[in-house]
Amino acid sequence: VIPHYNQIRCEEEHSVWYEPSFPFMLVNTDSGWSVEYPEWNPRETGTSDNNPGPQAFKDGKKSVISDVCFWRERLFFATEDMVFSSRNNDWFNLWLNNPDNVTSDDPIDIRASSGKFTRITFMIPFNDFLFINTGGETQYELQGSNNVISPTTAELAPTSFYSSSQIVEPLVLGTQIYWFDRERLYLYNSSAGSSVNNATEVSIHAHGYLPEKVRCAVVAAAQDSIFA
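Here the structure is a predicted model, which means the values were calculated and not measured.

### Observations regarding the sheet that holds strand 8 (residues 129–134)
No. 1: Across the sheet, which stays open at both edges, the four strands sit in the order 7-8-9-10 with antiparallel pairing between neighbours. Single-partner strands in this sheet number two, and they are strand 7 (120–126) and strand 10 (155–160). Along the sheet, successive strands turn relative to each other by an average axial angle of 30 degrees, direction set aside.
No. 2: Looking at chain direction, strand 9 (residues 139–143) and strand 10 are connected through five bridges and run antiparallel.

### What to know about the sheet that holds strand 11 (residues 171–173)
No. 1: The strand order across the open sheet formed by four strands is 11-12-13-14, and the pairing between neighbours is antiparallel. Of all the strands in the sheet, the pair left with one neighbour each is strand 11 and strand 14 (199–201). Across the sheet, the mean angle separating the axes of adjacent strands is 30 degrees when strand polarity is ignored.
No. 2: The sheet contact formed by strand 11 and strand 12 (residues 176–181) spans three bridges and is antiparallel.

### Comments concerning the pairing of strand 2 (residues 32–36)
No. 1: Judged from the five bridges that link them, strand 1 (residues 25–29) and strand 2 form a sheet pairing that is antiparallel. When the bridges of strand 2 are listed, Met25 appears paired with Glu36.
No. 2: Here strand 1 hands over to strand 2 after two residues, the two strands then running antiparallel side by side.

### Considering empty space enclosed by the protein
No. 1: Per the stated rule, a full pass over the model turns up one cavity of 30 Å³ or more.
No. 2: Along the walls of the largest cavity sit His14, Arg43, Ser48, Pro52, Lys58 and Asp59, which together make up its complete lining.
No. 3: Looking at the lining of the largest cavity, its residues break down into one nonpolar, two polar and three charged.

### Some remarks on the nonpolar core
No. 1: Among the nonpolar cores identified, the biggest contains 17 residues, and Phe76, Met123, Leu130, Ile132, Leu142 and Leu156 are the most heavily contacted of them.
No. 2: Broken down by secondary-structure element, the contributors of at least two residues to this core are strand 3 (65–71), strand 4 (74–79), strand 7, strand 8 and strand 9.
No. 3: Counting 12 residues, the second largest nonpolar core, distinct from the first, contains Phe57, Ile65, Phe77 and Met82.

### Focus on the pattern of salt bridges
One side chain can pair with another of opposite charge once the charged atoms of both are near each other.
No. 1: Tallied over the entire structure, the rule returns five salt bridges.
No. 2: One salt bridge connects Asp106 with Arg87, and the closest N-O pair in it is separated by 2.3 Å. With Asp106 in the loop between strand 5 (82–85) and strand 6 (109–111) and Arg87 in the loop between strand 5 and strand 6, the pair connects residues that are 19 residues apart, well separated along the chain.
No. 3: Taking the relative accessible area as the measure of exposure, Asp106 reaches 0% and is therefore buried.
No. 4: Linking Glu212 and Arg182 is a salt bridge whose minimum nitrogen-to-oxygen distance equals 2.5 Å. You can see Glu212 sitting in the loop between strand 14 and strand 15 (218–220) and its partner Arg182 sitting in the loop between strand 12 and strand 13 (184–188), a full 30 residues away along the chain.
No. 5: Judged by its relative accessible area of 44%, Arg182 is partly exposed.

### So, the packing of aromatic side chains
No. 1: Taken as a whole, this structure holds 19 aromatic pairs when the rule is applied.
No. 2: Pairing Phe22 with Trp40 gives two aromatic rings, centres 4.8 Å apart and planes at 40 degrees, and the pair type is tilted. Of this pair, Phe22 sits in the segment before strand 1 while Trp40 sits in the loop between strand 2 and strand 3; the two residues are 18 residues apart in sequence, bridging distant segments of the chain.
No. 3: We classify Trp40 as buried; its relative accessible area is 10%.
No. 4: On the basis of an interplanar angle of 55 degrees and a centroid distance of 6.0 Å, the ring pair of Trp40 and Phe77 is categorised as tilted.

### Points about the side chain of Ser15
No. 1: With respect to the helices and strands, the residue Ser15 is situated in the segment before strand 1.
No. 2: Judged by relative accessible area, which is 2%, Ser15 ranks as buried.
No. 3: Those residues in contact with Ser15 that sit more than four places away from it in its chain are Arg9, Cys10, Pro42, Arg43 and Trp95.

### Here's the deal with a negative patch on the surface
No. 1: A cluster of acidic residues, Glu12, Glu13, Asp49 and Asp59, forms a negative patch at the surface.
No. 2: Secondary-structure assignment places Glu13 in the segment before strand 1.

The rules behind these values
- Along every chain, residues carry numbers that run from 1 in the direction the sequence is written.
- In keeping with the model being predicted, local features are shown solely for residues with a pLDDT of at least 70 and side-chain atom pairs are shown and tallied solely at 80 or more, while totals for entire chains, interfaces and linings include all residues.
- The side-chain values count all of the structure's non-hydrogen atoms but skip hydrogen atoms and water molecules.
- Whether two strands pair comes down to DSSP finding at least two bridges between them.
- Helix numbering and strand numbering both begin at the N terminus, where a helix is a DSSP run of H or I of at least 4 residues and a strand a DSSP run of E of at least 2.
- Between N-to-C directions, angles cover 0 to 180 degrees, with each direction set by a line fitted to C-alpha atoms, over the stretch in contact for helices.
- A 1.4 Å probe that fits but cannot get out identifies a cavity on a 1 Å grid over protein atoms alone, an open set with protein on both sides within 12 Å along at least five of seven lines counts as a pocket, and a residue lines either if it has an atom within 4 Å of a point.
- Grid points are joined across faces, edges and corners, and a volume is the space filled by probe spheres set on the points.
- Under the grouping applied here, Gly and all other residues not named as nonpolar or charged are polar, the nonpolar ones being Ala, Val, Leu, Ile, Met, Phe, Trp, Tyr, Cys and Pro and the charged ones Asp, Glu, Lys and Arg.
- The definition of a nonpolar core used throughout is a set of buried Ala, Val, Leu, Ile, Met, Phe, Trp, Tyr and Cys residues joined through side-chain atoms within 4.5 Å.
- Working definition: with a 1.4 Å probe on protein chains only, accessible area under 20% of the residue-type maximum means buried, over 50% means exposed, and in between means partly exposed.
- What makes a salt bridge here is a side-chain nitrogen of Lys or Arg within 4 Å of a carboxyl oxygen of Asp or Glu, nothing more.
- Only Phe, Tyr and Trp rings take part, Trp by its six-membered ring, and two of them pair if their centres are within 6.5 Å. Stacked means planes under 30 degrees apart, edge-to-face means over 60, and tilted covers everything else.
- Here a residue-residue contact requires only that any non-hydrogen atoms of the pair lie within 4.5 Å.
- To count toward a patch, a residue needs a relative accessible area over 30% and no salt bridge; like charges are then connected within 9 Å, while nonpolar side chains (Val, Leu, Ile, Met, Phe, Trp, Tyr) are connected within 5 Å.
- Surface accessibility follows the Shrake-Rupley procedure with a 1.4 Å probe radius. Residue values consider only the protein chains on display as shielding.
- When charges are tallied, Lys and Arg are placed among the positive residues and Asp and Glu among the negative ones, while His and the ends of the chain are skipped.
- To locate a charge, take atom NZ for lysine, CZ for arginine, CG for aspartate or CD for glutamate.

These figures capture arrangement, not role.
Okay, here's the thing in structure tokens:
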């Protein structure tokens, strides 16, 4: 009988994740809803030098996750000014499969590149890019090369520079993205469009009409409307 081998976790420091510091799952079981922690993969290859995991937690650093989303068969996380993801189609694995050969399936781990610190507040999966909004008057797109998002091609590119609410997340209505600020509502055009400006203030003709603070907003797609 041919023996079957399983990799085991590295015994080096910081080779496993502390589950309560990561998001948990709501699971619908036969007896109702239950709260469970995902089984995060341990590091099974490499060391803390060549396979440290996301830079947000390198050497035991305690970073707070601000947003989570699922896009292109990866689980994406935002913390401070960084975005990192799981391996492709392996949602609870944040490690490189082989530190000596980084492939397109390995995790993505990048930092915003606007020249100043911009804390990421929300991530919105949208068409062929991931829309990133921040509390620092900058919007980003997570892009790749030839529509391929991988550890070697991923880039957080600043595309517009407008302030935004840190409480209400951006809204997707049809094929458009909107976000609120104090007495303002913006429409995002994306960097792939023909418009000179990647974002437009759609409330500019009604200055003072929108409230200074918006606590909650929702889209009604059938009515082509946004309620706030």
